[in-house]
Amino acid sequence: MAESSVDPTFGRFLRFWRSVHKISQEELSHRLSSSPRHISRLENGTSRPSETMIEDIAEAMQMGDRDRNHLRISAGYSPQQQHIDFHAPEFKWLRKAMLLTLRAMDPYPTTLLDSSGTILMVNRAWVGFYSATIPAAQLDKVTNHFDFLFSRQGAGTILSGWEDTLSMIVMSLKQDAMFNESPDKLAALEKLLNNPNVPDDWAQRASRLDPMASFRVQADYQGGLRRFYSVSQIVGALGPAAYVSEPKLTISTLYPEDDNLDVSGLAEGELDHPLLPY
């Protein structure tokens, strides 16, 4: 790559963070055992930093994971995500907020997922929707959203028309794993690729479809095949769309397509599940 063709985005980020921390080019170069000329070349876009240089810069300015990853992305490198325990004491406030959110979503079946598809919480309507068809002993063992959707013993028993949707899910996970080859994501992807319900031509199918966070599914409900919208919303830190800080959470909800379909009873009665927090 010619020096003149280097993307100037990293330079804008570096200049901004130097101004935030009130560090001159000379001071930064001293902290990095580099030269002011090299820092200048990084900022004007005539030189591209190595990954090591980016990490050294982040350390020199004591940048957190979010801002460090923005710096990496601005230079054309993939972010490095640290696993964060949603159940850790410091996230008590987040758990309470998510509990209130799921409760507010009743009577529409809703799940809260982490970035690997692990189900963290469900609402009463989710339990009511699936417990009508799936035995409690089996439903209680559900821990991963994608495993559940793909399984003919799980959601796959009542949801249909999923070939294209499953293909898009696998494509999304595949590309996410290529950006960040974390063991958890690679293991989840490999497990799904080995699932017999994934179409053999999933990649070709997905390449012809526009990716969407929401889609239609069909489900057996109240004695008939009904259409539902599956809508996903991302819960994460504010920042550039290129990177959402962990914990990166998704709220997934089913809404009936027919306005006259009454689902109010889904959240009523005696309902219990290990992931139901209220």
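Scope of this entry: the structure provided in the associated data block. Since this is a predicted model, take the numbers as computed values, not measurements. (Residues numbered from 1 in each chain as written. Predicted model: local features only at pLDDT ≥ 70, side-chain atom pairs only at ≥ 80, totals over all residues. Heavy atoms only, no water.)

**What to know about the packing of aromatic side chains**
Applying the stated criterion to the full structure yields nine aromatic pairs. Put simply, the rings of Trp-126, Phe-129, Tyr-130, Phe-148, Tyr-221 and Phe-228 pair up and form one aromatic cluster. Seen from the ring of Tyr-77, Arg-48 lies directly overhead, with NZ or CZ sitting 4.4 Å from the centre. (Phe/Tyr/Trp six-rings, centres within 6.5 Å; stacked < 30°, edge-to-face > 60°. Lys NZ or Arg CZ within 6 Å of the ring centre and 35° of its normal.)

**Quick notes on helix H4 (residues 51–60)**
Within the sequence span of H4, burial applies to Met-53, Ile-54, Glu-55, Ile-57, Ala-58 and Ala-60. Of the residues one or two after H4, Gln-62 is the one with positive phi, at around 50°. (Buried < 20%, exposed > 50% of the residue type's maximum accessible area, 1.4 Å probe, protein only. Helix = DSSP H or I, 4+ residues; strand = E, 2+ residues; numbered from the N terminus.)

**Observations regarding the pattern of salt bridges**
If you walk through the whole model with that rule in mind, you get 10 salt bridges. Glu-43 is paired through a salt bridge with Arg-15; the nearest N and O atoms lie 3.7 Å apart. Residue Glu-43 is found in helix H3 (residues 36–44), and its partner Arg-15 is found in helix H1 (residues 9–21); the two are separated by 28 residues along the sequence. Relative accessible area serves as the criterion here: at 5%, Glu-43 is assigned to the buried category. Its salt-bridge partner being Glu-55, residue Arg-68 comes within 2.5 Å of it at the nearest N-O pair. Taken as a pair, Arg-68 in helix H5 (residues 65–74) and Glu-55 in helix H4 lie far apart in primary sequence, 13 residues in all. One network of salt bridges, with partners in common, ties together Glu-51, Glu-55, Glu-59, Arg-68 and Arg-72. (Salt bridge = Lys/Arg side-chain N within 4 Å of Asp/Glu carboxyl O.)

**Here we look at empty space enclosed by the protein**
In the structure shown here, the tally under the stated rule is one cavity of 30 Å³ or more. Taken as a whole, the largest cavity encloses approximately 60 Å³ of empty space. For the lining of the largest cavity, the elements supplying multiple residues, two or more each, are helix H10 (163–179) and helix H11 (183–193). Residue classes in the lining of the largest cavity are distributed as four nonpolar, two polar and two charged. (1 Å grid on protein atoms, 1.4 Å probe; cavity = no way out; pocket = protein on both sides within 12 Å on 5 of 7 lines; lining within 4 Å. Points joined across faces, edges and corners; volume = space filled by probe spheres on them. Nonpolar A, V, L, I, M, F, W, Y, C, P; charged D, E, K, R; others polar.)

**With respect to the nonpolar core**
In this structure, Trp-126, Phe-129, Tyr-130, Phe-150 and Phe-228 are the most contacted members of the largest nonpolar core, which totals 40 residues. Listed by contribution, the elements that provide at least two residues to this core are strand S2 (119–122), helix H7 (124–131), helix H9 (145–150), H10, H11, helix H12 (202–207) and strand S4 (214–221). Considering each element in turn, this core owes the most residues, six residues, to H10. The next biggest cluster of nonpolar side chains, apart from the first, holds 18 residues, and it includes Leu-28, Leu-42, Ile-54 and Ala-75. (Core = buried A, V, L, I, M, F, W, Y, C linked by side-chain atoms within 4.5 Å.)

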